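Read off the chains here:
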Amino acid sequence: TLGRLKNRELRLDTATRELWLYLRDKLRDGDWSKTPAETEDLRSKLLHSVKEQLDLLSLHASDTQDAIDSFISEGWRDTLARETATLVQKRLHHLQNPENCDNAKKLLCRISKPCGFGCQIHHAAYCFIFAYATERMLVLDSSGWRYSGKWEAVFQPLGTSNCKATCHTGGISPLSAPFLFHSLTCAHTLTHTHTLEPLGAQPWSSYKEPHPPQVIQAPAIESLGSMSKPSFLPMAVPADLVERLTSFHGYPFLWVVGQFLQYLMRPSQQLGEYLEERRKFLNISHPIVGVHIRRTDKLQQEASYHSVEEYMTQVEEWYDRRETMYGKKEEKRVYLATDDQTALNQAIEAYPNYKFVSDNDVSKTAGELSSRYSQRGLYGVVLDVVMLSECDYIVCTLSSQVCRLAYELMQAHHVDASRLVYSLDDVYYFGGQQEHVLRAIHRKTENGGGNLDFAKGDLIKIAGNHLNGFSLGNRQGGHVRRELFPSYKAEEEIRVANFPTYPEVS
Ligand code: GDP
């Protein structure tokens, strides 16, 4: 194994050096003073060759990783990832099933936010992180949920114990009702203003140690000013898990939020049957790339239009990389999810060498859905999110909560899926998060390009990656004005916070 490791190390080193020598030679001034046609020819050969060399570099990097893995012990990363996931799921189960319901501390979270499905699930995920960080059982109030009226129609209850809680209808007559942890079963009899009454929830602002209220209501994440955000808010990673996570995952917060979502989105029996039925019908095989094209209302203010070609260029590159890696051609499949039917039609027409699988393909789905699932809306978006998360790679716009959700859930299916997405716009973020910072790993020198200057180790607040080698940001505690800097000079800074360690869960 040591020999293999040394060999991979040499390959990496050689490939990097050769790439530099090649670029230096090709970019010499003289070569560019040619006719436009010759320049174009040179440019396209250069692009092709650099891409091929980079694909090989990434192949050598993953080979090196494999060699390291087998040197340490076969499959250790896999085992560590699985064990950590089991631990977190056990903790969440424990939190949601307290021995004594009456005394348990609770966090009440209302999910009737006036926004789309992805946005509402992210609100629930934020509440769940809040609950975990404050050791409070999460109680979701889904009364009036615009999607289905109640959570349990779609997902499993968040807890299963038979817990009793006192519920006041309209604040007049006390009523002892069987109270399932997952929702305010009595809340539907109340008006919105009374909804919190059964649990006597107090606002977060009234939270005071050493006698915190038994039930608090989760504040909207946006309502917490940057100064008053608790340190455990996204994208913080629990201190007791960070060492394990950094051993197998490239973006620990993403992995953590994926675990919370996995627990939250366990399908109800009916949704489970629906997903199974659709899965069989769509008959997906691997490899497959998930493409999410978000248009319609999103283009009014929140995101820009991207053509089908922009998405498909990334898909082509992904399949090309695989061909270089495995040395064989494969059937090119795409799972296409979109809120714009025309995008699917365009893709099918322009890319006849691809097999497109889509729940939007009404020509194929009409009459196939059993009548039990006549309401496609909610189930449709859940299906698309789940299917995207099961793909081998996703191309999308991370400005969309639908794609962020799929990318987060994807983490639970792989040891490290942090690199398995290509976003045509934003970098990954969690709405309402604390400052997103990178740490400079090289000092910024003049010839690196851009205007932002920093020293090695400086923290940089990132506003976005321009996908051309440059990112936009400003130095923490320095420039207020955002400027460009070379993206390769900085890396994600992991934000670590102290969370409870749940020692009672083995
Ligand atoms: P965002 O607006 O894209 O950030 O995400 P939201 O989930 O908050 O709102 C978008 C809504 O549009 C979703 O909840 C869906 O109702 C719908 N939608 C967007 N993209 C898709 C898709 O690919 N498939 C389906 N079925 N619905 C989608």
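Residues numbered from 1 in each chain as written. Predicted model: local features only at pLDDT ≥ 70, side-chain atom pairs only at ≥ 80, totals over all residues. Heavy atoms only, no water.

Considerations on the overall build of the protein
Right, on to step 1. Per the secondary structure count, the protein includes 14 helices and 18 strands.
Right, on to step 2. Taken across its 506 residues, the protein has 48% of its residues classed as buried.
Right, on to step 3. Long-range contacts, defined here as pairs at least 24 residues apart, represent 68% of the contacts in the protein between residues at least 6 apart.
Right, on to step 4. For the protein, the exposed surface amounts to about 24800 Å²; the carbon and sulfur share of it is 52%. (Helix = DSSP H or I, 4+ residues; strand = E, 2+ residues; numbered from the N terminus. Buried < 20%, exposed > 50% of the residue type's maximum accessible area, 1.4 Å probe, protein only. Contact = heavy atoms within 4.5 Å. Areas by Shrake-Rupley, 256 points an atom, 1.4 Å probe, with all protein chains shown as cover.)

Digging into the sheet that holds strand E13 (residues 437-440)
Neighbouring strands of a sheet are bound in pairs by backbone hydrogen bonds; such pairs are parallel or else antiparallel.
Right, on to step 1. A sheet is described by the order of its strands in space; here five strands give the open sequence E16-E15-E14-E13-E17, paired in antiparallel fashion. Both edges of this open sheet fall to strand E16 (483-486) and strand E17 (490-492), since each of them pairs with a single strand only. Strand-to-strand, the axes of this sheet are offset by a mean angle of 50°, without reference to chain direction. (Pairing = 2+ DSSP bridges. Axes fitted to C-alpha atoms, helices over the stretch in contact; angles between N-to-C directions.)

Describing unusual backbone geometry
If a residue is not glycine, its phi is most likely negative; likewise, a peptide bond is most likely trans.
Right, on to step 1. At the junction of Pro 234 and Met 235, the peptide bond is cis and its omega measures out at 5° in the coordinates.
Right, on to step 2. Take Met 235: it is sitting in the loop between strand E6 (215-217) and strand E7 (236-238).
Right, on to step 3. A positive phi is found at Glu 135, a non-glycine position, where the angle reads about 50°.
Right, on to step 4. Turning to its location among the elements, Glu 135 is positioned in the loop between helix H5 (117-133) and strand E2 (137-141).

Thoughts on the site of the ligand
Right, on to step 1. Taken together, 18 residues are adjacent to the ligand, and Gly 118, Arg 294, Lys 298, Asp 384 and Ser 400 come closest.
Right, on to step 2. A distance of 2.8 Å separates an oxygen atom of the ligand from a polar backbone atom of Phe 117.
Right, on to step 3. In isolation the ligand exposes 560 Å². Once the protein is present, 84% of that is buried.
Right, on to step 4. In this structure the site holding the ligand corresponds to the second largest pocket.
Right, on to step 5. Counting only elements with at least two residues in the shell around the ligand, the list comes to H5, strand E9 (332-338), helix H13 (376-389) and helix H14 (401-410).
Right, on to step 6. Residue composition of the shell around the ligand, by class: six nonpolar, eight polar and four charged. (Near = heavy atom within 4 Å. Polar contact = N/O pair within 3.5 Å; in protein donor to acceptor, adjacent residues only side chain to side chain. 1 Å grid on protein atoms, 1.4 Å probe; cavity = no way out; pocket = protein on both sides within 12 Å on 5 of 7 lines; lining within 4 Å. Sits in = over half its atoms within 2 Å of the grid points. Nonpolar A, V, L, I, M, F, W, Y, C, P; charged D, E, K, R; others polar.)

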